[in-house]
Amino acid sequence: MKQKIILSIVLTLSLFSMSCIENIPDTTEKEQPVASETPERIKPTENYNISIFLDLSDRIDPIKHANKTMDYYQRDIRYIKAISEAFTDHASKRKINQVNDKLQLFFDPEPKNTKINAISEKLKIKLDRNNISKEKLNEIRKIYANFPIQIYELAIKDKAYVGSDIWGFFKNKVADYCIEENSRNILIILTDGYIFNKGSELKNGNRTNYLLSKTIRNNKLNDAMWKEKMDAGNFGFIKAANNLSNLEVLVLGINPDTKNTNEEAVIIEYWEKWLKEMKVSNPKVRGAELPSNMEKIIKDFIDQKK
């Protein structure tokens with residue numbers, strides 16, 4: 001009898017102990033489920049409308065403006081290649097039914113050489129859902145890697161440098177050529193910063209539609225007090241448009257006459273003041289830097305979100 005009672009007590013205690021063990025909270029660290037891979041990248045939905053303006057004045061002459069490190073026209077060619085790569089990279093990330101992107105090239109005044117104008121027509125690219133493909137993007141990269149070289153070689157061979165009417169381009173053509181609704185409109189200008197078109201010079205007080213090295217010298221803006229003089233005398237470009245808020249502008253290649261002190265700073269001030277007065281969105285002005293440094297600047301400018 002005693003043995004049965006003892007056995008019953010032992011069994012009860014055993015069951016109680018097991019029950020307690022089962023009810024103890026599990027404080028051990030459980031293996032977490034593996035996180036999903038990086039969230040799917042959001043595809044860019046903005047339409048890109050990128051325009052390139054080439055200043056084919058004598059700034060590209062490899063003899064008159066020689067540079068031992070790299071000729072300026074060769075820098076231009078690499079800049080253009082970087083622009084086209086940023087354009088095709090953007091297009092390649094988009095859904096096919098979203099694609100409506102443009103890349104084009106302009107001059108003003110247009111060169112008299114018909115071959116140059118014919119080549120520039122081939123550089124006018126329109127991508128949409130009907131023609132985009134890997135083959136098409138590779139074709140654009142190839143075109144922009146090879147054809148700009150031909151433009152510069154022809155212009156240098158002709159030596160018919162007609163100046164650069166960038167002011168007139170802004171006044172008469174930018175709105176029609178470079179701005180479209182429902183697009184991110186980007187204009188990239190390759191220039192040394194000087195503007196001149198013979199026969200169309202305008203002057204209103206200390207405002208002009210041109211800028212030459214002698215303009216800076218004649219206005220005595222080549223000393224340490226240049227900024228104070230510019231502000232006090234209201235020097236600068238005449239405004240060519242009133243509201244370009246739907247246009248972003250990147251100016252590359254500012255290349256001052258080294259005989260004048262502070263000339264680069266004066267040129268940049270002229271440009272930045274002018275672009276801001278026309279309400280250009282996101283204006284940036286850079287010097288004639290080596291392509292190895294400039295390529296990242298170009299791609300960052302094009303890739304950035306507004």
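Below is a summary of the structure that appears in this document. Just so you know, these numbers come straight off a predicted model, no measurement behind them. Sequence positions are assigned chain by chain, starting from 1 and proceeding in written order. It should be noted that, the model being predicted, local features are given only for residues of pLDDT at least 70 and side-chain atom pairs only at 80 or more, the latter also being counted only at that level, while totals for whole chains, interfaces and linings use all residues. Side-chain measures were taken over the full set of non-hydrogen atoms in the model, leaving aside hydrogen atoms and water.

1. Re the pattern of salt bridges
Stated precisely, the cut-off is as follows: One speaks of a salt bridge when a side-chain nitrogen belonging to Lys or Arg is within 4 Å of a carboxyl oxygen belonging to Asp or Glu. Burial here depends on accessible area, computed with a 1.4 Å probe over protein chains only, as a share of the maximum for the residue type. Under 20% is buried, over 50% is exposed, and the range in between is partly exposed. Starting at the N terminus, helices and strands are each numbered in turn, a helix being any DSSP run of H or I of at least four residues and a strand any DSSP run of E of at least two.
Counting across every chain of the model gives 20 salt bridges. The closest approach of N and O atoms between Lys64 and Asp58, which form a salt bridge, is 2.6 Å. Residue classification places Lys64 among the exposed residues on the basis of a relative accessible area of 55%. In this structure, the salt-bridge partner of Asp61 is Lys159, at a minimum N-O distance of 3.7 Å. You can see Asp61 sitting in the loop between β1 (48–54) and α2 (72–92) and its partner Lys159 sitting in the loop between α4 (134–158) and α5 (166–172), a full 98 residues away along the chain. Residue Lys159 is classed as partly exposed on the basis of its relative accessible area, which comes to 46%. By sharing partners, the salt bridges in this structure join Asp55, Arg59 and Asp76 into a single network.

2. What to know about the sheet that holds β1
Our working rule: A pair of strands is labelled paired if DSSP reports no fewer than 2 bridges between them. Orientation is described by lines fitted to C-alpha atoms, with helices fitted over the stretch in contact, and by angles between N-to-C directions that extend from 0 to 180 degrees. Contacts between residues were defined by any pair of non-hydrogen atoms, one from each residue, lying within 4.5 Å.
Strand order in the open sheet made by the six strands is β3-β2-β1-β4-β8-β9, with mixed pairing throughout. Of all the strands in the sheet, the pair left with one neighbour each is β3 (125–128) and β9 (281–287). Between one strand axis and the next, the sheet turns by 10° as a mean value, whatever way the strands run. By the bridge criterion, four bridges tie strand β2 (residues 100–106) to β3 in an arrangement that is antiparallel. Bridging from a neighbouring strand, Asp101 pairs with Leu127 of β3. With respect to the sheet, α4 is in contact with β1, β2, β3 and β4 (184–190), its orientation differing from that of β3 by roughly 170°.

3. Side note on helix α9 (residues 263–277)
In plain terms, the rule: One fewer than the residue count of a helix, multiplied by 1.5 Å, yields its expected span.
With 15 residues, α9 extends 21 Å from end C-alpha to end C-alpha; this agrees with the ideal 21 Å at 1.5 Å per step. Directly beyond the C-terminal end of α9, a positive phi value near 65° is found at Lys279.

4. Regarding the pairing of β1
Rule in force here: For crossovers, right-handed means that the path from the first strand over the helix to the second runs clockwise, given strands pointing away from the viewer.
In terms of burial, β1 is largely enclosed, as seven of its seven residues are buried. A two-sided burial pattern is seen for β1, the buried positions comprising Tyr48, Ile50, Ile52 and Leu54 on one face and Asn49, Ser51 and Phe53 on the other. Bridge count between β1 and β4: seven bridges; the pairing is parallel. The residue of β4 that forms the bridge with Ser51 is Leu187. Between β1 and its parallel partner β2, the chain crosses via α2, and the hand of that crossover is right-handed.

5. Some remarks on the nonpolar core
Across soluble globular proteins, you tend to see nonpolar side chains buried next to one another. The criterion, for reference: We call a set of buried residues a nonpolar core when its members are Ala, Val, Leu, Ile, Met, Phe, Trp, Tyr or Cys and they connect through side-chain atoms within 4.5 Å of each other.
One finds Leu54, Leu127, Tyr144, Ile151, Tyr152 and Leu190 to be the most contacted residues of the largest nonpolar core, which totals 43 residues. What Leu190 contacts, discounting residues up to four positions off in sequence, is Ile52, Phe53, Leu54, Asp55, Arg59, Asp76, Tyr79, Ile80, Tyr152 and Leu252.

6. Points about the side chain of Asn47
Under the convention used in this document: As used in this structure description, the phrase polar contact means that two N or O atoms lie within 3.5 Å; if the pair is within protein, one of them must be able to donate a hydrogen and the other to accept it, and residues adjacent in sequence are counted only when both atoms belong to side chains.
Note that Asn47 resides in the loop between α1 (2–23) and β1. Accessibility expressed as a relative area gives 14% for Asn47, which makes it buried. In this structure the side chain of Asn47 is engaged in a polar contact, spanning 3.1 Å, whose partner is the side chain of Arg94. Contact partners of Asn47, with chain neighbours within four places excluded, come to Arg94, Gln98, Asn100, Asp101, Asn182, Ser183 and Arg184.

7. Digging into the side chain of Asp61
Accessibility expressed as a relative area gives 8% for Asp61, which makes it buried. Here Lys64 takes part through its backbone nitrogen, which lies 3.2 Å from a polar atom of the side chain of Asp61. Sequence-distant contacts of Asp61, that is, excluding residues within four places in its chain, are made with Ala66, Lys159 and Tyr161.

8. Comments concerning the sheet that holds strand β7 (residues 236–237)
Spatially, β5-β6-β7 is the arrangement adopted by the three strands of the open sheet, whose pairing is mixed. Every other strand in the sheet has two partners, leaving β5 (203–204) and β7 as the edge strands with one partner each. Bridge analysis of β5 against strand β6 (residues 207–208) gives two bridges, and the strand direction is antiparallel. The partner of Lys203 across the bridge, within β6, is Thr208.

9. A closer look at the packing of helix α3 (residues 114–122) against α4
Selection rule: Each angle receives one of four descriptions, namely roughly parallel if under 35 degrees, roughly antiparallel if over 145, roughly perpendicular if within 65 to 115, and oblique otherwise. Two helices that cross are described as forming a left-handed crossing if the nearer one is turned anticlockwise from the farther one by less than a right angle, and a right-handed crossing if clockwise.
Orientation of α3 relative to α4, taken along the N-to-C sense of each, is 165°, at an axis distance of 10 Å. Taken together, the axes of α3 and α4 are roughly antiparallel relative to one another. Where α3 crosses over α4, the two elements pack in a sense that is left-handed. The residues of α4 that touch α3, namely those facing Lys115, Ile116, Ile119, Ser120 and Lys122, are Ile143, Phe147, Gln150, Ile151, Leu154 and Ala155.

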